[in-house]
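# Survey of secondary and tertiary structure
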There are 2 protein chains.
Amino acid sequence: MTQATIAVVAPGDMGSAIGHRLVGAGWRVITDLTDRSPRSRQLAATAGIIAVDGLATLAGEAEIVLSVMPPASALAFARRLAAAAGAARPLFVDLNAIAPATAQDIAAALGARGIDMIDGGIIGGPPRGADAGPRIYVAGYGLARLDGLRDAGLDIRSMDGGIGAASGLKMCYASLTKGITALQIEALVAARALGCAEDLHAELSFSQNALVARADAWLPQSCPKAYRWVGEMEEIADTFAAVGLTPDIFRGVADIYRFVEATPLGRETPETRGLAQDAGDVSSILAAALPAAKSD
Amino acid sequence: MTQATIAVVAPGDMGSAIGHRLVGAGWRVITDLTDRSPRSRQLAATAGIIAVDGLATLAGEAEIVLSVMPPASALAFARRLAAAAGAARPLFVDLNAIAPATAQDIAAALGARGIDMIDGGIIGGPPRGADAGPRIYVAGYGLARLDGLRDAGLDIRSMDGGIGAASGLKMCYASLTKGITALQIEALVAARALGCAEDLHAELSFSQNALVARADAWLPQSCPKAYRWVGEMEEIADTFAAVGLTPDIFRGVADIYRFVEATPLGRETPETRGLAQDAGDVSSILAAALPAAKSD
């Protein structure tokens, strides 16, 4: 029996871990490494993902294409794949952190070439070892075509509501987790700049102790991911604006992550980071990088 | 021995409770009820606060004036008091949720008339019964002049840093508590509008259960206070902008509370509210009030 083939684009932290789980379940997993970083090549090789040459080959060989990439790249990638697919008609599963309207744009671009799309959103960290892995929410027509992924050990959860429903859920969820992290960064950096960081820490330890623990656990590991979150926060802003809510909160959250990205903490990688051990380290380093402080 | 006299302006929830504690400790507590609501008159009377006629009388009789009011009123009130004080020189204690720069503007307006100011910020709910009450942070010169308030059972905490330090602390703290509440309102209302509210609730119950409990506890009781928080969120935006951080998050948070204020939930009072029992009720009612939904 021929192995079923699935493409995972791109093999970053999440994509390579999903690919690895599918490889373990007997799928042939391919990717296109044209112009990818040495880190992506290494992650793909370690995961057992096979490199193929270009998107035309990828689209021709894969029954299913999983798109897992920074949100700003999602629509452009779908268009490139549609253009390269020729007569091939792989099922396209968009798992990116994008606004429902962006998901609908992607569905339209693929649909114009006769390619079906399923809308998805990933909540939780990459699947590792015996871990159940993230919840992968999916919406659209023909969700039964993903049963093979569920059988392979991915936690696929079907939603009603059609294209955009899974993306909308991801946006709302991420607005809470990454929004709270941005609020904590802004408050703690401002307190440092205003000279009341110790008082704020004492007051929070007394009245909001869960927030202190959360900041220590999450702020150091969030900084190296800030560059990826800028585009995601802008997608959240668009999502909220589309239903009549203010986009300003998440435009501002994007600003916070853009600021973090440009600091020494934002330039570290998840694998090599070490400048900050707790929230106090994070706020000290970021406060020193404030534009106002620079002009002193 | 003559009773020491203190003025509390205005006797809302917080001001009347602080006044009541001071009355209990033997202070003579006065206020000016000119143009105040029947609710404020009732709160003052219940607290044992004595009404005096106009700001000139108030300034002439009080050794200390505590300003406890919505932030948008704080500077205008200080100016009116300075203009009305004549030869009187009460110590002015600003306890409002204002930006450090606003506190400095108030200190300057009072200083021009020879009136000393102490900068303060209140964190926590009104003092009730045997409860320790809120932490009242104070900064500036002559903090020993507040020892009588501490002796009366108020939790007064001195800070270094001069005028603006206590206000800065209050801004950073409130940005977390009221910011997280606004993020929850926006996410849950958006999910309702996008048709994924049940899925979001299930996912949050699984992976962020503390947020579900927090939303159910806080969202219903926050809506009647939204009108008061709009100005406070704008002061937070100004505070963050002054140190080089984005003001957009809290301009957006102010938009959220402005939106809530105009809904049936925002028009309830803390004493009479009853439309919403949990976060699900809040998001349903607010989603029905969205501009986009109205145009259907």
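Scope of this entry: the structure provided in the associated data block. (Residues numbered from 1 in each chain as written. Chains lettered and ligands numbered in written order. Predicted model: local features only at pLDDT ≥ 70, side-chain atom pairs only at ≥ 80, totals over all residues. Heavy atoms only, no water.)

### Section: the packing of aromatic side chains
Overall, the coordinates contain six aromatic pairs over all chains when judged by the stated rule. Their ring planes at 35° and their centres at 6.1 Å tell us that Phe77 of chain B and Phe92 of chain B sit as a pair that is tilted. One end of the pair, Phe77 of chain B, is in helix H4 (residues 71-84); the other, Phe92 of chain B, is in strand S5 (residues 91-94), with 15 residues separating them in the sequence. In this structure Phe92 of chain B comes out as buried when scored by relative accessible area, which is 0%. Pairing Phe240 of chain B with Phe250 of chain B gives two aromatic rings, centres 5.6 Å apart and planes at 80°, and the pair type is edge-to-face. Taken together, the residues Phe240 of chain B in helix H10 (residues 226-242) and Phe250 of chain B in helix H11 (residues 248-261) connect sequence positions ten residues apart. Here the two residues Phe240 of chain B and Phe250 of chain B agree in accessibility, since each one is buried. Above the face of the Phe206 of chain A ring, Arg157 of chain B is positioned so that its terminal group lies 5.8 Å from the ring centre. (Phe/Tyr/Trp six-rings, centres within 6.5 Å; stacked < 30°, edge-to-face > 60°. Helix = DSSP H or I, 4+ residues; strand = E, 2+ residues; numbered from the N terminus. Buried < 20%, exposed > 50% of the residue type's maximum accessible area, 1.4 Å probe, protein only. Lys NZ or Arg CZ within 6 Å of the ring centre and 35° of its normal.)

### Quick notes on the packing of helix H7 (residues 165-194) of chain B against helix H12 (residues 279-288) of chain B
All names here are of chain B. At a closest axis distance of 8 Å, the pairing of H7 and H12 adopts a crossing angle of 65°. In terms of orientation, H7 lies roughly perpendicular with respect to H12. For the crossing formed where H7 meets H12, the hand is right-handed. Seen from H7, the contacting residues are Ile185, Leu188, Val189 and Arg192; seen from H12, they are Ala279, Gly280, Ser283, Ser284, Leu286 and Ala287. A class-by-class count of the residues in the contact of H7 with H12 yields six nonpolar, three polar and one charged. (Axes fitted to C-alpha atoms, helices over the stretch in contact; angles between N-to-C directions. Parallel < 35°, antiparallel > 145°, perpendicular 65-115°, else oblique. Left-handed = near helix turned anticlockwise from the far one by under 90°. Contact = heavy atoms within 4.5 Å. Nonpolar A, V, L, I, M, F, W, Y, C, P; charged D, E, K, R; others polar.)

### Some thoughts on the pairing of strand S1 (residues 5-9) of chain A
Residues and elements named next belong to chain A. The element S1 is extensively covered by neighbouring structure, given that five of its five residues are classed as buried. When S1 meets strand S2 (residues 28-32), the two strands line up parallel, connected through three bridges. Directly across from Ile6, in S2, lies its bridge partner Val29. (Pairing = 2+ DSSP bridges.)

### Focus: unusual backbone geometry
All names here are of chain A. With an omega of 5°, the peptide bond between Val9 and Ala10 qualifies as cis. Tracing the backbone shows Ala10 in the loop between S1 and helix H1 (13-24). A positive phi angle, near 65°, is found at Asp35, a position not held by glycine. In this structure, Asp35 sits in the loop between S2 and helix H2 (38-47).

### Digging into H4 of chain B
Residues and elements named next belong to chain B. For H4, spanning 14 residues, the distance from its first C-alpha to its last is 21 Å, which sits close to the expected 20 Å at 1.5 Å a residue. Three or more residues of H4 are buried, namely Pro71, Ala74, Leu75, Phe77, Ala78, Leu81 and Ala82. Close packing links the buried residues of H4 with strand S1 (5-9), helix H3 (55-61), strand S4 (64-67), S5, helix H5 (100-111) and H10. Two residues or fewer after H4 comes Gly86, characterised by a positive phi angle close to 60°. (Expected span 1.5 Å × (residues − 1).)

It is worth stressing that arrangement in space is one thing and function is another; only the former is reported here.
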